[in-house]
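Notes for the structure review
This is what each chain is made of:
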Amino acid sequence: MTVMEQRDTRTAPVPPPAWQPRTDPAPLLPDAEPYRILGTDAAAQADPELLRRLYAEVVHGRRYNAQATALTRQGRLAVYPSTTGQEAAEVAAALVLQERDWLFPSYRDTLAAVARGLDPVQALTLLRGDWHTGYDPREHRIAPLSTPLATQLPHAVGLAHAARLKGDDVVALAMVGDGGTSEGDFHEALNFAAVWRAPVVFLVQNNGFAISVPLAKQTAAPSLAHKAVGYGMPGRLVDGNDAVAMHEVLADAVARAREGHGPTLVEAVTYRMDAHTNADDATRYRTDAEVEIWRAHDPILLLERELTERGLIDEAGIRAVRDDAETMAAGLRERMNQDPALDPMDLFGDVYAERTPQLREQAAQLRAELDAEAEGGQA
Amino acid sequence: MTTVAKPSAAGSVKPATMAQALGRALRDAMAEDPSVHVMGEDVGTLGGVFRITDGLAKEFGEDRCTDTPLAEAGILGTAVGMAMYGLRPVVEMQFDAFAYPAFEQLVSHVARMRNRTRGALPMPLTVRIPYGGGIGGVEHHSDSSEAYYMATPGLTVVTPATVADAYGLLRQSIASDDPVVFLEPKRLYWSKDTWNPERPTDVEPIGTAVVRRPGTGATLITYGPSLPVCLEAAEAAQAEGWDLEVIDLRSLVPFDDATVAASVRRTGRAVVVHESTGFGGPGGEIAARITERCFHHLQAPVLRVAGFDIPYPPPMLERHHLPGVDRVLDAVARLQWDQ
């Protein structure tokens, strides 16, 4: 039979098995609109205690951002990448985790680490410039703040995978910005996580800009949450300023991971109200009008409105929360105004488990220089 | 190849290949310590493209010897997380130039995690990288990248040249609480050598260079794939009346200044031999260290015999690039013997 004759018979050839889709993409697709609770009818179902807790944490977080930014102006912090406007996502990321779980923050996510319970001064060690990581990551189950973009995501996957191999019921939540989703490590981490069905939650905070580059120049994807589908994991699109929605979606993703159903990618659509850091001039790349739109969608405002409308808080209650945040800020200010005691000999500590002969020589050199300095000072 | 003398040890000495010794080192490490995990592209069912990991997945299961997705940054990046949780990953990079996508993980996280966390997060992981030329590999399969790794504080960089060291150094690397870049000279994988399988760990510790051939007239300082070249050159030099000492560095970081300097002070002459490029290569650092320590003992400048400063050439031309016996002897001849 010739090829033409075969065609005439119209019997479809059996396609090779590789042509069959491996999974149905439909359940993995994110909603068309970011998921919201506050301001909708669903908010009536929100647990009052959770609302109050989220409100207190978000107000706290706002004050923390303001205080840290002020500390950069006083030269007490080398730099501070603010999460003003993003507090709902930061706080929710911390609150959905159990003590045994791990948080993998990016350099911007100091607030998430603080909301998880880390001493704010320890959390600011990197940004203060006195050491890189100011805490024991194992003790707090918080990985070091990662400055290279997205490189902490495969760490989260590896840790979660290792925990599961050991039979431990541990989830890793890894945070990254919209710019970080363009990095190769983002792709590799999501792919590994999905293939290994690792108990990981990826939280992308889409705050509109990677320093100055807007999302439209960052990606052509329908949304960042859509990126999940290509890896075979669900993507969830959430209003990142809605603390209740963030908490629900992240808690679902954590539960899903813990139950052995693998990773989830959550995109929080939010906005960075401040510049990239105190060293950046945001007026060069965005308009006041745009900022004003987001100001009306402030995470504190959304919570406060809900609590007030439901009669869950009054003026005195709001004042109490703000006073509490003020006390935290005053304490932080006072502690950060003390000069840290640094030992230059620490430079040679923990480069290796044991110092190499070369480092021993160099440590002796620095010791001699310090001694000479001290003698010179006395003379 | 030239048979390499081993430190004397009790028990029988048998022939074996470096590939066999490496495979057994992995197997023994995994058997002794359940936290040791082997991972990489093709390491499982296939047993690695060089068959170094052959049989490990079968014996220890796919959770302990894991075929990963093809992504070097992902392989090393996930290994970092596994090490954070108390495992001891042994990562295979398959070929030297394939390790470059993982370079950021290596330098930005692996190398400095202990330091940046003040010792709270050590990185007890080993990165196995088959390296160097001489096997007729096509582009990106023959690089010698040791200078990059040497320039990164926090990494230990070792490279065996003998079967005994292949086993012993790999076991030490896996047991180390620091990250080790373990460079496997792939052209020595299949050359037979003798070792003592009854006392396989009987080798000097990481950080120690070893005199493989004693001599009085000049010191050849080398490592990995160039050791057999130097030993052969030393034999040939005998005919010229040059008695050459040959040092196998074994460990590039930490560097054994003491053994190297002691030898050069005795011989007064030194040639550093390696495959990687001369400019910015390990030889420049080694020559500088020798000059700083031995200047008044030197009867000639410290010379380098290295690969040319070119991208690694195609296989049909690589013999012109790789330092061979003649090039080593030419350098030795330039050591001002008449003075």
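In this text the structure is predicted, and so the values were computed from the model without any measurement.

So, on to the packing of helix H9 (residues 184-196) of chain A against helix H3 (residues 72-84) of chain B. The N-to-C vectors of H9 of chain A and H3 of chain B enclose an angle of 70°; their axes lie 9 Å apart at closest approach. Our classification of the angle between H9 of chain A and H3 of chain B gives roughly perpendicular. Crossing of H9 of chain A against H3 of chain B: the hand is right-handed. Across from Asp185, Glu188, Phe192 and Trp196 of chain A in H9 of chain A, the residues of H3 of chain B making contact are Glu72, Ala73, Gly74, Ile75 and Thr78 of chain B. Of the residues that constitute the contact of H9 of chain A with H3 of chain B, the class distribution is 4 nonpolar, 2 polar and 3 charged.

Backbone geometry follows two general trends: most residues other than glycine have a negative phi, and most peptide bonds adopt the trans configuration. Between Val253 of chain B and the following residue, Pro254 of chain B, the backbone shows a cis peptide bond with an omega angle of -5°. Mapped onto the elements, Pro254 of chain B comes out in the loop between strand E12 (251-253) and helix H9 (257-267). For Arg197 of chain A, which is not a glycine, the phi torsion comes out positive at approximately 50°. In this model, His140 of chain B sits at a positive phi of 70°, which is unusual for a non-glycine residue. One can find His140 of chain B in the loop between strand E5 (126-131) and helix H6 (146-150).

We now examine the UniProt feature "domain: Transketolase-like pyrimidine-binding" (unreviewed entry) in chain B. UniProt annotation of "domain: Transketolase-like pyrimidine-binding" (unreviewed entry) refers to residues 16-191 of chain B when read in the numbering used here. Between the end C-alpha atoms of residues 16-191 of chain B there is a gap of 8 Å, over a span that is 36% helix and 17% strand.

Of all hydrophobic cores here, the largest spans 89 residues; its most connected members are Phe202 of chain A together with Met84, Leu249 and Ile290 of chain B. The contacts of Leu249 of chain B, once residues within four sequence positions are left out, are Thr208, Ala209, Ile221, Thr222, Tyr223, Phe255, Val260 and Ile286 of chain B. With 66 residues, the next largest nonpolar core counts Leu77, Leu124, Leu203 and Met246 of chain A among its residues.

Okay, the sheet that holds strand E6 (residues 156-158) of chain B next. Residue and element names in this part refer to chain B. The 7 strands are arranged E3-E2-E4-E5-E7-E6-E12 in an open sheet whose pairing can be described as mixed. With one partner strand each, in any of the chains shown, strand E3 (65-67) and E12 form the two edges of the open sheet. On average, each strand axis in the sheet is inclined to that of its neighbour by 20°, with strand direction left out of account. Packed onto the sheet, helix H7 (residues 163-175) meets strand E2 (36-40), strand E4 (88-92), E5, E6 and strand E7 (180-185) and runs at close to 160° relative to E7.

Let us look at the environment of Gly184 of chain A. Within the secondary structure, Gly184 of chain A sits in helix H9. Separated by 98 residues in sequence, Gly184 of chain A and Gln86 of chain A have C-alpha atoms that sit 25 Å apart.

All names here are of chain B. Burial of strand E10 (residues 218-222) is extensive: 5 of the 5 residues sit out of reach of the surface. Where E10 meets strand E11 (residues 244-248), 5 bridges bridge the pair, whose relative direction is parallel. Across the sheet, residue Thr222 finds its bridge partner in E11, namely Asp248. Strand direction decides the pairing type here: E10 and strand E13 (residues 270-277), joined by 3 bridges, are parallel. If you follow Thr219 over to E13, its bridge partner there is Ala270.

Another aspect to go through is the UniProt feature "domain: Dehydrogenase E1 component" (unreviewed entry) in chain A. Mapped onto this structure's residue numbering, the UniProt feature "domain: Dehydrogenase E1 component" (unreviewed entry) falls at residues 62-326 of chain A. For residues 62-326 of chain A, helix accounts for 45% and strand for 12%, while the C-alpha atoms at its two ends are 11 Å apart.

Here we come to helix H1 (residues 18-32) of chain B. Helix length check: H1 of chain B (15 residues) gives 21 Å between terminal C-alpha atoms against 21 Å at 1.5 Å per residue, within 8%. Within H1 of chain B the residues assigned to the buried category are Met18, Ala19, Ala21, Leu22, Gly23, Ala25, Leu26, Asp28, Ala29 and Met30 of chain B.

Definitions and cut-offs
- Residues numbered from 1 in each chain as written.
- Chains lettered and ligands numbered in written order.
- Predicted model: local features only at pLDDT ≥ 70, side-chain atom pairs only at ≥ 80, totals over all residues.
- Heavy atoms only, no water.
- Axes fitted to C-alpha atoms, helices over the stretch in contact; angles between N-to-C directions.
- Helix = DSSP H or I, 4+ residues; strand = E, 2+ residues; numbered from the N terminus.
- Parallel < 35°, antiparallel > 145°, perpendicular 65-115°, else oblique.
- Left-handed = near helix turned anticlockwise from the far one by under 90°.
- Contact = heavy atoms within 4.5 Å.
- Nonpolar A, V, L, I, M, F, W, Y, C, P; charged D, E, K, R; others polar.
- UniProt positions renumbered as here; feature names shortened; annotations may be inferred.
- Core = buried A, V, L, I, M, F, W, Y, C linked by side-chain atoms within 4.5 Å.
- Buried < 20%, exposed > 50% of the residue type's maximum accessible area, 1.4 Å probe, protein only.
- Pairing = 2+ DSSP bridges.
- Expected span 1.5 Å × (residues − 1).

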